[in-house]
Amino acid sequence: MTYEEFINKGTDHYMDMVRLIDIKYQYRMELSDSEKEIQEHILEFQKQIKINELRDRFEKCWEVDE
């Protein structure tokens, strides 16, 4: 599954996968290859959210200065 396919599945799927990964970490269970791939997609999505938040803050600051 590509990152785009993962994102296009929607918020419910994303949250289910986050819970799955969290539970497996909590109980120290090994992740399968597909779960590792999903974990990478989750981390990429979280990075993109953070970048967008920072961009929005910067743009608001830029508008205030003008």
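Anything mentioned here points back to the structure above.
The structure presented is a predicted model; accordingly, all values stated were derived computationally and were not measured.

S.K.: Help me understand helix α2 (residues 11–26) in this model?
M.R.: For an α-helix, the turn length of 3.6 residues means that residues three or four places apart are oriented alike. Taking 1.5 Å per residue as the helical rise, α2 with its 16 residues ought to reach 22 Å, and the 22 Å between its terminal C-alpha atoms agrees with that figure. Those residues of α2 that sit buried are Y14, M17, V18, I21 and K24. Along the axis of α2, the buried residues cluster in a sector spanning 130 degrees; they form a single face. When the buried face of α2 is taken as reference, the exposed residues oriented beyond 90 degrees from it are T11, D12 and Q26. The first or second residue beyond α2 is R28, which carries a positive phi of 55 degrees.

S.K.: Is there a simple way to explain the pattern of salt bridges in this structure?
M.R.: It is possible for side chains bearing opposite charge to pair when their charged atoms get close. What the rule picks out here adds up to 3 salt bridges. One salt bridge connects D16 with R19, and the closest N-O pair in it is separated by 2.6 Å. On the criterion of helical spacing, the pair formed by D16 and R19 is a turn pair, its members being 3 residues apart in helix α2. With its nearest N and O atoms 2.9 Å apart, the salt bridge here joins K24 to E35. One end of the pair, K24, is in helix α2; the other, E35, is in helix α3 (residues 33–65), and 11 residues separate them in sequence. Accessibility expressed as a relative area gives 13% for K24, which makes it buried. Owing to a relative accessible area of 12%, E35 belongs among the buried residues under this scheme.

Criteria and thresholds
Residues numbered from 1 in each chain as written. Predicted model: local features only at pLDDT ≥ 70, side-chain atom pairs only at ≥ 80, totals over all residues. Heavy atoms only, no water. Helix = DSSP H or I, 4+ residues; strand = E, 2+ residues; numbered from the N terminus. Expected span 1.5 Å × (residues − 1). Buried < 20%, exposed > 50% of the residue type's maximum accessible area, 1.4 Å probe, protein only. Arc of directions from axis to C-beta. Salt bridge = Lys/Arg side-chain N within 4 Å of Asp/Glu carboxyl O.

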